[in-house]
Amino acid sequence: MKYGLLYHYWSDGWSCDYPKTAEKIKKAGFDVMEIGGDHLSRMNAAEMDALRRAAVDLGLELSVNIGPARDQDLASEDKATREHGIAYLTDVLKRMDGIGCRMMIGALYTFWPADFSVENDKERAWDRSIDSLRELARAAEDLGSTCSLEILNRYEGYILNTCEEGLRYLERIGSPSMKLLLDTFHMSIEEDSLPGAIRLAGSRLGHMHLGEGNRKLPGLGSLPWAEIGQALRDAHFDGFAVIEPFMRYGGQIAKDIHLWHDFFPGATEAEMDRMLADSLAFLKQHFEA
Ligand SMILES: [Mn+2]
């Protein structure tokens, strides 16, 4: 298992200077940088090369996090929208190959966040998205890449809310390139037992997102981290465990993830660095027992 961090930690907006951020993430002790798929999809050849070289020079592995837009919805009733989504994700997979990355993650089966102002037919959405993912799976298999489908809580999605659902869904896709992403934040809302869900996923667990129930860094809340670590060992998880904290108030990220209060008023970058270092040490202590 390798420890990673989502690129946005020091920022309150979604933009990112990746070579510079890669250095900070490495310096903080991580082995993996998770980048934004929308960024990768818009990078020119020179930007992709700079990112690839920064990762190689630092010995940092990469994963790509995608929250597809509405016009890229693989579960859409509209065939052209589904085709647009498949083409978009296939292009990202090819670009990943160019930067030496093999893991694409997120709610790839639909768009994010879901629209609950309309009537959503879950059964039909499964049929349509599963067909779309079978097509995407062929591209992933050809490139030797894996797609980890993120299970979301009820306020952000309706297609996959629990690990048990995710496993039935993977069964229907029927490709080794498709796995599950369990995120402890979403799990804390939907699962009876976090360690139980991890053990249930077993070898189908492709990726982990780590954060407390309020999306603070692991160790600052009340999730059962020692038990989560034991479950990851029991599942022989050897993928990327990426910390995905959302703690900064006041910018676009806070708006998008619905953070309406300031956890750490006036926190300096040095204090953010200290909290991050403490969290990584905490995780290692609880996961490597
Ligand atoms: Mn997540």
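Residues numbered from 1 in each chain as written. Predicted model: local features only at pLDDT ≥ 70, side-chain atom pairs only at ≥ 80, totals over all residues. Heavy atoms only, no water.

S.K.: Give a description of a negative patch on the surface that names residues and reports values.
M.R.: A surface patch of negative charge is lined by Glu77, Asp78, Glu119, Asp121 and Glu123. With respect to the helices and strands, Glu123 occurs in helix α5 (residues 122-143). Exposure remark for Glu123: the relative accessible area of 64% places this residue in the exposed category. (Patch = residues over 30% accessible without salt bridge, like charges linked within 9 Å, V, L, I, M, F, W, Y side chains within 5 Å. Areas by Shrake-Rupley, 256 points an atom, 1.4 Å probe, with all protein chains shown as cover. Salt bridge = Lys/Arg side-chain N within 4 Å of Asp/Glu carboxyl O. Lys, Arg positive; Asp, Glu negative; His and termini not counted. Charge placed at Lys NZ, Arg CZ, Asp CG, Glu CD. Helix = DSSP H or I, 4+ residues; strand = E, 2+ residues; numbered from the N terminus. Buried < 20%, exposed > 50% of the residue type's maximum accessible area, 1.4 Å probe, protein only.)

S.K.: Provide a residue-level description of the coordination of the manganese ion, including the pertinent values.
M.R.: At the metal site, the manganese ion is ligated by Glu150 (OE), Asp183 (OD), His209 (ND1) and Glu244 (OE), and these contacts range over 2.1 to 2.2 Å. Motif for the manganese ion, donor spacing along one chain: E-x32-D-x25-H-x34-E. In this pair, Asp183 sits in strand β6 (residues 178-183) while His209 sits in strand β7 (residues 205-210), placing the two residues 26 residues apart along the sequence. (Donors = N, O, S within 2.8 Å, 3.2 Å for Na, K, Ca; no water.)

S.K.: Hey, could you go over the UniProt feature "domain: Xylose isomerase-like TIM barrel" (unreviewed entry) in the protein chain for me, with residue numbers and the actual values?
M.R.: UniProt records the feature "domain: Xylose isomerase-like TIM barrel" (unreviewed entry) at residues 23-249, using the numbering of this structure. Helix makes up 45% of residues 23-249 and strand 16%, whereas the separation of the span's terminal C-alpha atoms amounts to 24 Å. (UniProt positions renumbered as here; feature names shortened; annotations may be inferred.)

S.K.: Explain the packing of aromatic side chains residue by residue, including any values.
M.R.: Taken as a whole and judged by the stated rule, the model has seven aromatic pairs. With 5.2 Å between their ring centres and 85 degrees between their planes, Tyr9 and Trp10 make a pair best called edge-to-face. With a centroid separation of 6.0 Å and an interplanar angle of 65 degrees, the aromatic rings of Tyr109 and Tyr169 are classed as edge-to-face. Of this pair, Tyr109 sits in the loop between β4 (103-106) and α5 while Tyr169 sits in helix α6 (residues 163-173), and the two are 60 residues apart along the sequence. As far as burial versus exposure is concerned, Tyr109 and Tyr169 are alike and both buried. In textbook terms, an aromatic cluster arises when at least three aromatic residues are bridged by ring pairs, as seen for Tyr109, Trp126 and Tyr169. (Phe/Tyr/Trp six-rings, centres within 6.5 Å; stacked < 30°, edge-to-face > 60°.)

S.K.: Please set out the nonpolar core residue by residue, giving values where relevant.
M.R.: One finds Met104, Tyr169 and Ile198 to be the most contacted residues of the largest nonpolar core, which totals 91 residues. Sorting elements by how many residues they give to this core places α5 first, with eight residues. Residue contacts for Met104: discarding those within four places in its chain leaves Val64, Ile66, Leu89, Val92, Leu93, Met96, Leu136, Thr146, Cys147 and Ser148. (Core = buried A, V, L, I, M, F, W, Y, C linked by side-chain atoms within 4.5 Å. Contact = heavy atoms within 4.5 Å.)

S.K.: Quick rundown of the state of the cysteines? Include the residues and the values.
M.R.: What the rule picks out here adds up to zero disulfides. Free cysteine: Cys16, not disulfide-bonded; nearest cysteine sulfur from Cys101 at 14 Å. Given the relative accessible area of 25%, Cys16 is considered partly exposed. Its sulfur unpaired, Cys147 is 11 Å from the next cysteine sulfur, which belongs to Cys101. (Disulfide = S-S within 2.5 Å.)

S.K.: How would you summarise α6 if you had to cite specific residues and measurements?
M.R.: Those residues of α6 that sit buried are Cys163, Glu165, Gly166, Leu167, Tyr169, Leu170 and Ile173. Check the buried side of α6 and you find it contacts α5, β5 (146-150), β6 and α8 (194-201). The positive-phi residue at the C-terminal boundary of α6 is Gly174, with phi of around 70 degrees.

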